[in-house]
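Residue-level structural notes
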Amino acid sequence: MQDLDIQAIVETVLAELQAAEGTTVGTAQAAPEADRTAGATDPDGPQIDLDDPTLPEARQRPGIDRPINPDGLRALMAATPARIGVGRSGPRPRTAANLLFLADHGVTQDALMHAVDADLLEELGLFSVESQAADRQTYLKRPDLGRKLTEAAKAILRDRCTKNPDAQIFVGDGLSGAAIDHNLRQIMPVLQQGLNSAGLSMGTPFFVKNARVGLLNDVNGIVDAKVCAILIGERPGLARAQSMSIYLGYRPRPDSTDANRDAICNIYEGGLNPLEAGAHAVQLIQKMIRDRASGVELKLG
Amino acid sequence: MLLRTKLFGETFEFKSVRELMGKANEPKSGDELAGLAAASIAERVAAKYVLAEVTLETLRANPAVPYDQDDVTRVIDDAVNETIYNEIKGWTVGDFREWLLADQTTADMIRRVSNALTGEMVAAVTKLMSNLDLIYAAKKIRVTSHCVNTAGLPGTLASRCQPNHPIDSPEGIRAAIYEGLSYGSGDSVIGINPVDDSLSSVARLLDMTYDIIQTWQIPTQNCLLSHVTTQMQAMKKGAPVGLVFQSLSGSQLGNQSFGIDVGMMDEAYELAQKYCWPTGPNYMYFESGQGSALSADAHNGWDQLTLEARIYGLAKRWKPYQVNTVVGFIGPEYLYDAIQITRAGLEDHFMGKLTGIPMGCDACYTNHARATQNDIENLAVLLTAAGCNYFMGVPMGDDAMLAYQCTSFHDAPSLRQTLGLHPLPEFEAWMEDLGLIKNGRLTDKAGDPSFFLSR
């Protein structure tokens, strides 16, 4: 076939495409630009080195190439954290928006299954025990088992923990082990020094695997602290797996519930800074001991 | 009562209809949590064998909560059409399944029998249905409703525009509404889950959404999914309410945990007839979801499928415009993974349609469930094949307020264009007038929220 013929065919096809209605997609580029494939001819192979697409400036980039009102679109996107202005190819999301969603969901899924760093626990001098939820699947299915210590765990706590401290602090992975890895090194010294400065005795800290907040009741049945507190990984939000909470109760009993507890939530760099959260927790512990109450009773008091 | 079978030489016996119903269920982590699930797959199948021989009369006589203790049971039982019931009460659950699937059984015949069913009968037959059974049978049953526009017509698929914002910013919500409308989401309702349940905040968002509807002459209705009592106050104060929303549970105790009872909902329904601004006659919007009764310890020892079926029987009392299960919202301790969420979504849609209510689905999952966006897209395709009335439309499926994932604004047009469906007719005509859709496909102008900045 002659070169001339090929060009004629291409022109005919292009003309037909332009004439057809609804086949061009205004919000997505119809074909990749030529220079994007330049790397394929590089003698060293593809040269791909991407900037982090999860950074704020990348997230705020509109996915619509030719919006009717570009300034207006930016203002709309700035009005909400919802993923708008993402564009489409046909009825489907554009590639960048789709990959960003996968990245944000992926990081939560990894956090959920992430085992807390054993070296970190050792560095901070925390020994480990387990809840009755023997594995991650049981943990997710049976919240009741995550609220109870195994008999072996109870024996270890009886053996190794100081009894009747002013404050017992322990750590649980909760729904995000990554949150513990992210925050624990910063918050533990603040808690230890803060309680020390306040003249309060601190129990022996430890770590519980597959932990739920309700463990406070079982733990205090053994250590009998005035205030019992758990540092625990929160359920990961999309793109937000590093958030930790502290739940605290004044003399938790076997039947204590969330109504009897206080919580400091959203602890991570970017949310409530772990250093501030630790200081806040010490103040709250002092207040609970002074008022001999926590939860709803503390608020009413 | 004797409920027993042999299977491969082993005898399986069930002490009560309650135990039988729990063990005949497809696997659900919530039934395991409640201690109601079969101990083995063989026991599950044995329970299905026995259940297939139980009559509808026996099921009516064994409600999940006794008639004199529970207003949900009373609402459903009192609504049974006795003439039709007398025709079908001798059917076994196995007979009922085959009748629903039979070539001779038409949509009208099923709609007629719906008037004689209780939640326990609906749940029982569902336990004998495979996933494709659920799709095939549901597809037969069309339930239409009308408020501003007409929902549930064959060949249509609607989308609720769900423009939630973490602090209820009216401008942020407006931006997400524009995005949704530009994709053809919003024909089911423009429905906001507010963070702030106060009357002033709810009324402000009702005004804002009504203003958008008026400015653009959109054939749709607005709704603030606050507690029903807030909406009742809003209506009395003259706020523009399109649909009145409430979450429902399958037992009186469960509804108590939601702060409602039948009397309160009767009053809300009357107020809706009196104050809602659209044409009607259907003004109510309900949500449900397997496991809600168990999470409130209000299941009375019954399985989550049966409690869910009872919600639909209760919802029917107030002639809803739309009802959807929020199927994966409750978390993995009730529906563990994509298999269970998919199954529950198909069950709930079928049960709603069999009960005779206009059923949609919030196909969704939380971050700690073993599910992904792919799974929820799969469920949406299956439910669209089953004739589901509507799905949610959320920016990229990521709800900025409720911290869960569901279907995207992109998904309704994708499902429509893949499976040859259209938006609701009045809404599609409006989109055509604006040039956002042509021949059932999005045009170049669609998918750009700044389109709606011109008025």
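In what follows, the structure referred to is the one given above.
What comes next is a walk through the structure.

A separate point is the overall build of chain B. Across its full length, chain B carries 21 helices and 14 strands. With the C-alpha coordinates of chain B rotated into their principal frame, the extents come out at 75 × 45 × 45 Å. For chain B, with 455 residues in total, the buried portion stands at 67%. Partitioning the intrachain contacts of chain B with sequence separation of at least 6 by distance along the chain shows that 77% fall at a separation of at least 24. Looking at chain B as shown, the accessible area adds up to about 14,800 Å², and 51% of this sits on carbon and sulfur atoms. Counting 36 positive and 54 negative side-chain charges, chain B places the averaged centre of each group 4 Å from the other.

Moving on, we get to the side chain of Ser-145 of chain B. All names here are of chain B. Here Ser-145 is to be found in strand β3 (residues 145–146). Taking relative accessible area as the criterion, Ser-145 reaches 4% and is therefore assigned buried. A polar contact of 2.7 Å, which involves the side chain of Ser-145, links it to the backbone oxygen of Tyr-321. In this structure Ser-145 touches Thr-150, Ala-151, Asn-282, Pro-320, Tyr-321 and Pro-358, once residues within four positions along its chain are discounted.

This part is about helix α17 (residues 304–315) of chain B. Residues and elements named next belong to chain B. The first and last C-alpha atoms of α17 sit 17 Å apart over 12 residues, in line with the 16 Å expected at 1.5 Å per residue. Counting buried positions over the 12 residues of α17 gives 12, a clear majority of the element. Taken together, the buried positions of α17 are occupied by Gln-304, Leu-305, Thr-306, Leu-307, Glu-308, Ala-309, Arg-310, Ile-311, Tyr-312, Gly-313, Leu-314 and Ala-315. Here α17 starts with a cap whose side-chain oxygen sits 3.2 Å from the backbone nitrogen of Leu-305, and that cap is Asp-303.

Our focus in this paragraph is the pattern of salt bridges. This structure, assessed with the given rule, holds 36 salt bridges over all chains. Measuring nitrogen to oxygen at the nearest pair gives 2.7 Å for the salt bridge that ties Arg-83 of chain A to Asp-104 of chain A. Within this pair, whereas Arg-83 of chain A is found in the loop between α3 (70–78) and β1 (88–89), its partner Asp-104 of chain A is found in helix α4 (residues 95–113), the two being separated by 21 residues in sequence. For the salt bridge of Asp-258 of chain A with Arg-261 of chain A, the shortest nitrogen-to-oxygen distance reads 2.9 Å. One connected set of salt bridges, linked through shared partners, spans Arg-59, Arg-83 and Asp-104 of chain A together with Asp-398 of chain B.

What follows is about the sheet that holds strand β5 (residues 206–209) of chain A. The strands making up a sheet associate through backbone hydrogen bonding, with each pair oriented either parallel or antiparallel. Residues and elements named next belong to chain A. Read across the open sheet, the six strands follow the order β3-β5-β4-β6-β7-β8; overall the sheet is mixed. Each of the sheet's edge strands pairs with one partner strand only, and the pair in question is β3 (127–130) and β8 (261–267). Pairwise comparison of adjacent strand axes, ignoring direction, gives a mean angle of 25 degrees for this sheet. Two strands pair when backbone bridges link them, and strand β6 (residues 227–233) and strand β7 (residues 244–250) are joined in this way by seven bridges, in the antiparallel orientation. Within the sheet, the bridge partner assigned to Gly-233 lies in β7 and is Met-244. Against the sheet, helix α8 (residues 151–160) touches β3 and β5, its axis set at about 145 degrees to β3. Sheet strands in contact with helix α9 (residues 177–197) are β4 (167–172), β6, β7 and β8, and its direction is about 155 degrees off that of β6.

Of note, Thr-443 of chain B is situated in the segment after β14 (441–442). For Thr-443 of chain B and Ser-182 of chain B, which are 261 residues apart along the polypeptide, the C-alpha to C-alpha distance reads 10.0 Å.

Okay, the sheet that holds strand β8 (residues 244–247) of chain B next. Residues and elements named next belong to chain B. An order of β8-β9-β10-β11 is seen for the four strands of this open sheet, with the pairing classed as parallel. Either end of the sheet is taken by a strand with one partner, and the two such strands are β8 and β11 (359–362). When the angles between neighbouring strand axes are averaged without regard to direction, this sheet yields 25 degrees. Two elements, strand β9 (residues 284–288) and strand β10 (residues 322–326), share four bridges in a ladder whose sense is parallel. Bridging across to β10, Phe-286 finds its partner in Val-323.

Turning our attention to the nonpolar core. Core analysis: the biggest nonpolar cluster contains 164 residues, and Phe-96, Phe-350 and Leu-354 of chain B have the highest contact counts within it. Both domain 1 (13–140) and domain 2 (145–453) of chain B contribute no fewer than three residues apiece to this core.

Criteria and thresholds
Residues numbered from 1 in each chain as written. Chains lettered and ligands numbered in written order. Predicted model: local features only at pLDDT ≥ 70, side-chain atom pairs only at ≥ 80, totals over all residues. Heavy atoms only, no water. Helix = DSSP H or I, 4+ residues; strand = E, 2+ residues; numbered from the N terminus. Buried < 20%, exposed > 50% of the residue type's maximum accessible area, 1.4 Å probe, protein only. Contact = heavy atoms within 4.5 Å. Areas by Shrake-Rupley, 256 points an atom, 1.4 Å probe, with all protein chains shown as cover. Lys, Arg positive; Asp, Glu negative; His and termini not counted. Charge placed at Lys NZ, Arg CZ, Asp CG, Glu CD. Polar contact = N/O pair within 3.5 Å; in protein donor to acceptor, adjacent residues only side chain to side chain. Expected span 1.5 Å × (residues − 1). Salt bridge = Lys/Arg side-chain N within 4 Å of Asp/Glu carboxyl O. Pairing = 2+ DSSP bridges. Axes fitted to C-alpha atoms, helices over the stretch in contact; angles between N-to-C directions. Core = buried A, V, L, I, M, F, W, Y, C linked by side-chain atoms within 4.5 Å. Domains from an automatic or database assignment.

Bear in mind that shape data such as this cannot, by itself, settle questions of function.
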